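Structural features, examined
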Amino acid sequence: MSITLLSSPLQGFTDFRFRNAQHRHFGGIDTFYAPYIRLNGKFEIKPNYQLDLALKNNTSLEVIPQVMTCKEDEFLFVAKYVQSLGYNELNWNLGCPYPMVANKGMGSGMINSPEKIDKVLDLVHSETDIVVSMKMRMGYEKSDEILRSFPVLAKYPLKNIAIHARIGAQLYKGGVDLDAFQRCVDETPHKLYYNGDITTVEGFRAMQERFPSIDHWMLGRGLIADPFLPMMIRKDTTEYPEDRIEVFSKFHDLLQYEFEQKLSGDKHVIRKMLSFWEYFAQSFSNPTRIVKKIKKTNTIEAFDQVVKEIFEEEMEMSY
Ligand SMILES: Cc1cc2nc3c(=O)[nH]c(=O)nc-3n(C[C@H](O)[C@H](O)[C@H](O)COP(=O)(O)O)c2cc1C
């Protein structure tokens, strides 16, 4: 069965800079989801979101925008905005777990309100021809909340429902609940995508065996930690290419260059790169030491030197 690999959105990470750099140096991802747009009560699109979705910044990629809201007028506004840019699909975030979001009835805090979901989907389907897809957790408190939303969702021609197999109250802790995901597979007529904790080729193979009907797989933190992962999944290999560190280093340089253009001051650039390294380090030999070393740097010069050493050490270890 042919598979489709999707890059799950991570606010603060998978913006157009990361997407383009990953696509250029590693490939393997069919479609990237952009991190959510949130309006916060004002009917205007913040410049950061505009930049992220501008077609000129996404020329060689397939990108799907995302919105996080519980209000039908906000959804409609964002739908019209992304359509005006040329996008024909809008993904709806019903997964964000953070209490300040969920307590306002947004993200995973909305899964338990099928009547509100209905209101939004009804308006957007009657007022626009945009294609809607969903990204959901299985509930906020309990993993069967999503099942109660399925009859409402079944009324609409949704492109798909991507399910992160956790509940909101877990945040990112604890494991994914695969039995609960299986219940979703059994109970919805919609096309389901699987999301959650795919971090290795072996782990992917196990998921594929467990869910033979799923052919769309979303990679989130696993893609940041190891941007080689989608290509290795496609090739069904656990072997990195021989020039692994050279390729990674070019990707890293491009990402750093992009953030140097965006951010002013060494500290801001280092802080941003450190947030990536907290993930990257997981696919290197000594994650804790790497993060510690980077944390100690205060200038770009020192940061560059530490990164050079990390790459050299990793190359030595792999020979
Ligand atoms: C820092 C961070 C930011 C995230 N931002 C978003 C987001 O903007 N939209 C969204 O739907 N999910 C977001 N997520 C959730 C991920 O897309 C994904 O569903 C989740 O991490 C589970 O997949 P994974 O185990 O492959 O990472 C975010 C997760 C993290 C850790």
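Here, residues in each chain are numbered from 1, in the same order as that chain's written sequence. Under the rules for a predicted model, residues below a pLDDT of 70 receive no local features and side-chain atom pairs below 80 are neither given nor counted, while totals for whole chains, interfaces and linings still include all residues.

Looking only at helices and strands, one finds 14 helices and eight strands in the chain. Counting other C-beta atoms within 10 Å of a residue's C-beta gives its exposure: the residue is buried at 20 or more, exposed at 12 or fewer, and partly exposed in between, where C-beta atoms are placed from the backbone. Each of the 319 residues in the chain was classed as buried or not, and the buried ones make up 38%. Across the chain, every contact between residues at least 6 apart in sequence was considered, and the portion connecting residues at least 24 apart equals 71%. Each helix corresponds to a stretch of at least 4 residues labelled H or I by DSSP, and each strand to a stretch of at least 2 residues labelled E; elements are numbered beginning at the N terminus. We call two residues in contact if the C-beta atoms placed from their backbones are at most 7 Å apart.

Okay, unusual backbone geometry next. The backbone of Asn-40 sits at a positive phi, close to 60 degrees, despite the residue not being glycine. Considering the arrangement of structural elements, one finds Asn-40 in the loop between β2 (31-37) and α2 (47-53). With 8 C-beta atoms counted inside 10 Å, the residue Asn-40 sits in the exposed group. With a phi close to 60 degrees, Asp-197 is a non-glycine residue in the positive phi region.

So, on to the packing of helix α5 (residues 114-127) against helix α6 (residues 145-153). Between α5 and α6, the shortest axis-to-axis distance is 9 Å and the interhelical angle comes to 30 degrees. When the interaxial angle is binned, α5 and α6 end up roughly parallel. For α5 against α6, the interelement crossing comes out right-handed. Here α5 contributes Pro-114, Ile-117 and Asp-118 to the contact with α6, which in turn contributes Arg-148, Ser-149 and Val-152. In this classification, the charged set is Asp, Glu, Lys and Arg, the nonpolar set is Ala, Val, Leu, Ile, Met, Phe, Trp, Tyr, Cys and Pro, and all remaining amino acids, among them Gly, are polar. Here the contact of α5 with α6 is composed, by residue class, of three nonpolar, one polar and two charged. Lines fitted to C-alpha atoms define the axes here, with helix axes fitted over just the stretch in contact, and angles between the N-to-C directions of these axes take values from 0 to 180 degrees. Reported orientations rely on four angle classes, namely roughly parallel under 35 degrees, roughly antiparallel over 145, roughly perpendicular from 65 to 115, and oblique for the rest. The crossing is said to be left-handed when, going from far helix to near helix, the turn is anticlockwise and less than a right angle, and right-handed when the turn is clockwise.

What follows concerns the site of the ligand. Nearness here is judged by the C-beta atom: place it from the backbone, and if it falls within 6 Å of a molecule or strand, the residue counts as near that partner. The full set close to the ligand counts 21 residues, and Ser-8, Gln-11, Pro-35, Gly-220 and Arg-221 are the nearest of them. Contributions of two or more residues to the shell around the ligand are made by β2 and α9 (221-225).

Each domain's limits were defined by an automated method or a database of domain assignments. By the assigned domains, the chain splits into domain 1 (4-235) and domain 2 (244-318). Between domain 1 and domain 2, the residue contacts involve eleven residues of the former and 13 residues of the latter. Elements represented by at least two residues in the side of domain 1 that touches domain 2 include exactly α1 (16-25) and α9. Broken down by element, the side of domain 1 that touches domain 2 gets its largest block of residues, four residues, from α1. Taken together, the residues of the side of domain 1 that touches domain 2 break down into six nonpolar, two polar and three charged.

In this section: the pairing of strand β3 (residues 63-67). Counting buried positions along β3 gives five out of five residues, so the element sits mostly inside the fold. Of the two faces of β3, the one carrying Val-63, Pro-65 and Val-67 and the one carrying Ile-64 and Gln-66 are both buried. A strand pair is defined by DSSP finding two or more bridges across the two strands. Here β2 runs beside β3; their pairing, made up of four bridges, is parallel. Bridge assignment links Tyr-33 to a residue of β3, and that residue is Ile-64. We call a crossover right-handed when, viewed with both strands directed away from the observer, the connection leading from the first strand over the helix to the second proceeds clockwise. What joins β2 to β3 is α2, and the crossover it makes is right-handed. Across two bridges, β3 lies against strand β4 (residues 89-94) in parallel orientation. Its bridge partner lying in β4, Gln-66 is registered against Asn-91. Handedness of the crossover joining β3 and β4 through helix α3 (residues 72-85) is recorded here as right-handed.

On to α6. Of all the residues in α6, the buried ones are Glu-145, Ile-146, Ser-149 and Leu-153. Taken around the axis of α6, the buried residues stretch over an arc of 80 degrees, which confines them to a single face. In this structure, the buried side of α6 is in contact with α5, β5 (131-136), β6 (161-164) and α7 (178-187). Each direction from the helix axis to a C-beta atom contributes to the arc, which is the arc of those directions.

What follows concerns the nonpolar core. Put simply, a nonpolar core is a cluster of buried Ala, Val, Leu, Ile, Met, Phe, Trp, Tyr and Cys residues tied together by C-beta atoms within 7 Å. In terms of nonpolar packing, the biggest core is built from 73 residues, with Val-67, Val-78, Ile-163 and Trp-217 touching the most fellow members. Residues lining this core come from more than one domain, with at least three contributed by each of domain 1 (4-235) and domain 2 (244-318). Beyond its immediate chain neighbours, meaning those up to four positions away, Val-78 contacts Ile-37, Val-67 and Leu-90.

Once that is clear, we can look at the sheet that holds β4. Strands sit in the order β1-β2-β3-β4-β5-β6-β7-β8 around a closed barrel of eight strands; the barrel is parallel. Along the sheet, successive strands turn relative to each other by an average axial angle of 25 degrees, direction set aside. Looking at chain direction, β4 and β5 are connected through six bridges and run parallel. Its bridge partner being in β5, Asn-93 is matched across the sheet by Lys-135.

Quick look at helix α11 (residues 244-262) now. By this rule, a helix spans an expected 1.5 Å times one less than how many residues it contains. The terminal C-alpha atoms of α11, which comprises 19 residues, lie 27 Å apart, in line with the 27 Å expected from a rise of 1.5 Å per residue. Within the span of α11, buried status applies to Phe-248, His-252, Leu-255 and Gln-256. Around the axis of α11, the buried residues are gathered within 100 degrees of arc, so they sit on the same side. Seen from the buried face of α11, the exposed residues on the opposite side, beyond 90 degrees, are Glu-246 and Gln-261. Lining the buried residues of α11 we find α1, α12 (266-280) and α14 (300-318).

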